[in-house]
Amino acid sequence: MVPLWVMAGLWGSVAGSALLIGAATGYYLKIPQRIVALVMAFGAGVLLSAISFELLDDAYSLGGIGPVITGFIAGALIFTVANILLARNGARHRKRSGLPPGDELESNGAAIAVGSVIDGIPESIAIGLTMIGGGTVSTATVIAIFLSNIPEGLSSSVGLKARGWHAARVFLMWGGIAVCSGLSSLAGYSIFSHFSPNIIAAVLALAAGGILAMLVDTMIPEAFSKTHNLTGLVTVLGFITSFILSKLG
């Protein structure tokens, strides 16, 4: 029988592999920026639903309202501070599929890579956390994160190609981030499975807060910049798709 910590890492890697799928699609296929933005809006809706009906719901069931509030706000604060620091060092537009005016001055590869890792860590930890207790992963959470990672990798790779990044550099970055996703999921299960339900609840909420802050700061602005009035509708479609998956799961 495969140990649960190994399964946690594998599920995180499965979700992270979608980044490579999106990256390959964005780098090699000429997809209109409007389509990229629509896919990004759909992915944002998927994650919003996962936050609401999987992560926060599980956190509340485990620890009640206190750990949920504390963890949720802490996650948003941590992501916001990290995002501000990264933006000042050249990773402000890491999810942009286009090349904004003056962005040629904001192309710090290391900052973009670090920013992308930070974007994905809360999602990956959440996958491992969902395995604590029952020993089985939340299929809806894995699918939601997988679906949201495709547009994330797609949009960023289109933008990185426009900045002059070669294919090897792009795929090395996303491959590394996919590995980090697996390790983060493994850590989420291995480390926190020994803690009290209140701590697990707070960490689940922390991951949810970080993901929501990431959505509002990076994915939704990218989607709206090209789709405008269609953004809300496509986000709703992503949300209801993820909601249905959570109920079927």
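Just so it is clear, the structure is predicted and the values come from calculations on it, not from any experiment.

Peer 1: An account of helix α8 (residues 231–248) is requested, with residue identities and associated values reported.
Peer 2: Between the first and last C-alpha of α8 there are 26 Å, a value that for 18 residues agrees with the 26 Å anticipated at 1.5 Å per step. For α8, every residue scored as buried is listed here: T231, V234, T235, G238, S242 and S246. Projection of α8 onto a plane perpendicular to its axis shows the buried side chains occupying an angular sector of 120 degrees, all on one side. Among the exposed residues of α8, those pointing more than 90 degrees away from its buried face are L233, V236, K247 and L248. At its buried positions, α8 is contacted by α2 (33–63), α5 (139–162) and α7 (197–227).

Peer 1: Help me get a handle on a nonpolar patch on the surface, residues and values and all.
Peer 2: On the surface, L230, L233, L237, I240, I244 and L248 cluster together to form a nonpolar patch covering roughly 560 Å² of accessible area. Mapped onto the fold, L230 is located in the loop between α7 and α8. Since its relative accessible area comes to 35%, L230 is described here as partly exposed.

Peer 1: Quick rundown of the UniProt feature "transmembrane region" (unreviewed entry) in the protein chain? Include the residues and the values.
Peer 2: UniProt's entry tags residues 6–28, 35–53, 65–86, 170–192, 198–216 and 228–246 with the feature "transmembrane region" (unreviewed entry), counted in the numbering of this structure. Across residues 6–28, helical content stands at 100% and strand content at 0%; the span's end C-alpha atoms are separated by 33 Å. As a span, residues 170–192 carries 100% helix and 0% strand, and end to end its C-alpha atoms are 32 Å apart.

The rules behind the values
- Counting from 1, residues in each chain are numbered in the order their sequence is written.
- The model is predicted, so local features are restricted to residues of pLDDT at least 70 and side-chain atom pairs to those at 80 or more, both for listing and for counting; the totals for chains, interfaces and linings are taken over all residues.
- To obtain the side-chain values, all non-hydrogen atoms of the structure were used and water was disregarded.
- Numbering goes from the N terminus for both helices and strands, where a helix is a DSSP run of H or I of at least four residues and a strand is a run of E of at least two.
- To estimate the expected span of a helix, subtract one from its residue number and multiply by 1.5 Å.
- Remark: exposure states derive from per-residue accessible area (1.4 Å probe, protein chains only) relative to the maximum for the residue type, with buried under 20%, exposed over 50%, and partly exposed in between.
- Starting at the helix axis, one direction is taken to each C-beta atom, and the arc is that of these directions.
- In what follows, a contact means two residues having at least one pair of non-hydrogen atoms within 4.5 Å.
- Residues with no salt bridge and a relative accessible area higher than 30% make up the patches, which join like charges within 9 Å and nonpolar side chains (Val, Leu, Ile, Met, Phe, Trp, Tyr) within 5 Å.
- Each accessible area is a Shrake-Rupley result for a 1.4 Å probe, and residues are judged covered by the shown protein chains and nothing else.
- When a carboxyl oxygen of Asp or Glu lies within 4 Å of a side-chain nitrogen of Lys or Arg, that pair is called a salt bridge.
- UniProt positions are given in the numbering used here, feature names are shortened, and annotations may be inferred rather than shown by experiment.

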